[in-house]
Amino acid sequence: MKRIIKCTINKETYELAIEPNQTLADLLRNDLGLTGTKKGCDTGDCGACTVILNGDAVNSCLVLAVQANNATIETIEGLSTEDGLHPLQEAFVEHGAIQCGFCSPGVIMSAKNLLDKNSNPNNQEIREGISGNLCRCTGYQKIFEAISSQCSDK
Ligand code: FES
């Protein structure tokens, strides 16, 4: 039997009827068309599905949609505005931190969550902040440089 949840996603309020076993990743992608959130492994290993849930970066494939009741969620679609890309997204472009792009939304959401909590992370904190996000193309250095460029002391 479907459950009703209320939540705020990218500043929009939703009331949704969902299956109790549906994941947040599937809700975002399949029901709401927010396909910027990627699914790589569906088992919590790759970080491609990272979103910010109540201020914390989470693997949305490991969160049941019912757990998002009354929650505030940010996805990659919520970052850009009418004025253009979010500065972190611009930095990824400028630093060549995107190759195939599949991991990029998840990495950027982890980085955003890190910078939201600590505007000037040190090198180790940046590496730890994205340690749950796997990338097969870039070797991480360009990603690291892009995030570093957004630290408040830069
Ligand atoms: Fe969720 Fe890989 S799809 S961690």
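Residues numbered from 1 in each chain as written. Predicted model: local features only at pLDDT ≥ 70, side-chain atom pairs only at ≥ 80, totals over all residues.

Q: Even after reading the chapter, I still don't get the overall build of the chain, so can you show me in this structure?
A: When helices and strands are tallied, the chain shows five helices and five strands. Reading the chain from its N end, one meets helices and strands in the order β-β-α-β-β-β-α-α-α-α. Over its C-alpha trace the chain gives a radius of gyration of 15 Å, about what one expects of a compact globule, namely 15 Å for 154 residues. Its C-alpha atoms give the chain principal-axis dimensions of about 50 × 30 × 25 Å. Looking at the chain residue by residue over its 154 residues, the buried ones come to 39%. (Helix = DSSP H or I, 4+ residues; strand = E, 2+ residues; numbered from the N terminus. Rg over C-alpha atoms; globule rule 2.2 N^0.38 Å. Buried ≥ 20, exposed ≤ 12 C-beta atoms within 10 Å, placed from the backbone.)

Q: Explain the domain arrangement of the chain to me, please; I cannot follow it from the model alone.
A: Interface size is often expressed as the accessible area that is lost when the parts come together. Examined at the domain level, the chain breaks down into domain 1 (3–78) and domain 2 (87–149). Between domain 1 and domain 2, the C-alpha centre-to-centre distance is 21 Å. Facing 14 residues of domain 1, the contacting portion of domain 2 comprises 12 residues. Only strand 3 (50–53) and strand 4 (56–59) provide two or more residues apiece to the side of domain 1 that touches domain 2. Among the elements that make up the side of domain 1 that touches domain 2, the one with the highest residue count is strand 3 (three residues). Split by residue class, the side of domain 1 that touches domain 2 holds seven nonpolar, five polar and two charged. (Domains from an automatic or database assignment. Contact = placed C-beta atoms within 7 Å. Nonpolar A, V, L, I, M, F, W, Y, C, P; charged D, E, K, R; others polar.)

Q: Would you mind going over helix 1 (residues 24–31) with me for this structure?
A: Side chains of residues three or four places apart in an α-helix project in the same direction, reflecting 3.6 residues per turn. Buried within helix 1 we find L24, A25, D26, L27 and L28. Looking at the buried side of helix 1, the elements it contacts are strand 2 (12–18). Immediately beyond the C-terminal end of helix 1, within one or two residues, lies G33, with a positive phi of roughly 70°.

Q: Explain the environment of T35 to me, please; I cannot follow it from the model alone.
A: Examined against the element boundaries, T35 turns out to sit in the loop between helix 1 and strand 3. When the C-alpha positions of T35 and I76 are compared, they lie 9.2 Å apart, and in sequence the two are 41 residues distant.

Q: I tried to follow the nonpolar core on my own but got confused; where do I start?
A: Most often, soluble globular proteins have nonpolar side chains that are buried together. One finds L24, L53, A68, I73, V107 and I143 to be the most contacted residues of the largest nonpolar core, which totals 38 residues. Mapped by element, the contributors of at least two residues to this core are strand 1 (3–9), helix 1, strand 3, strand 4, helix 2 (87–94), helix 3 (104–117) and helix 5 (141–148). With five residues, the top contributor of residues to this core is helix 3. Taken domain by domain, the makeup of this core includes at least three residues from each of domain 1 (3–78) and domain 2 (87–149). (Core = buried A, V, L, I, M, F, W, Y, C linked by C-beta atoms within 7 Å.)

Q: What should I look at first to understand the pairing of strand 5 (residues 71–74) in this one?
A: Looking along a regular strand, one sees side chains alternate from face to face of the sheet. Bridging between strand 1 and strand 5 involves three bridges; their strand directions are parallel. Across the sheet, residue T8 finds its bridge partner in strand 5, namely T72. Sheet analysis places strand 3 next to strand 5, joined by two bridges and oriented antiparallel. By the bridge assignment for strand 5, I52 is matched with E74. (Pairing = 2+ DSSP bridges.)

Q: Please clarify how the sheet that holds strand 5 should be interpreted in this entry.
A: The pairing of strands in a sheet comes from backbone hydrogen bonds and takes either a parallel or an antiparallel form. The sheet built from five strands is open, its strands ordered 2-1-5-3-4 with mixed pairing. Strands with a single pairing partner mark the edges of an open sheet, and in this sheet they are strand 2 and strand 4. Sheet twist, expressed as the mean angle between neighbouring strand axes with direction ignored, is 40°. Contacts from helix 3 reach strand 3 and strand 4, with the element oriented near 35° to strand 3. (Axes fitted to C-alpha atoms, helices over the stretch in contact; angles between N-to-C directions.)

Q: Sorry if this is basic, but what is going on with the packing of helix 2 against helix 3 here?
A: The description of two helices packed together rests on the angle between their axes and the distance between the axes. Here helix 2 crosses helix 3 at 125°, and the two axes come no closer than 10 Å. On the basis of their axis angle, the class for helix 2 and helix 3 is oblique. The two elements helix 2 and helix 3 meet at a crossing, and its hand is right-handed. Contacts between helix 2 and helix 3 pair L88, Q89 and F92 from the former with S104, I108, A111 and K112 from the latter. Per-class residue counts for the contact of helix 2 with helix 3 are four nonpolar, two polar and one charged. (Parallel < 35°, antiparallel > 145°, perpendicular 65-115°, else oblique. Left-handed = near helix turned anticlockwise from the far one by under 90°.)

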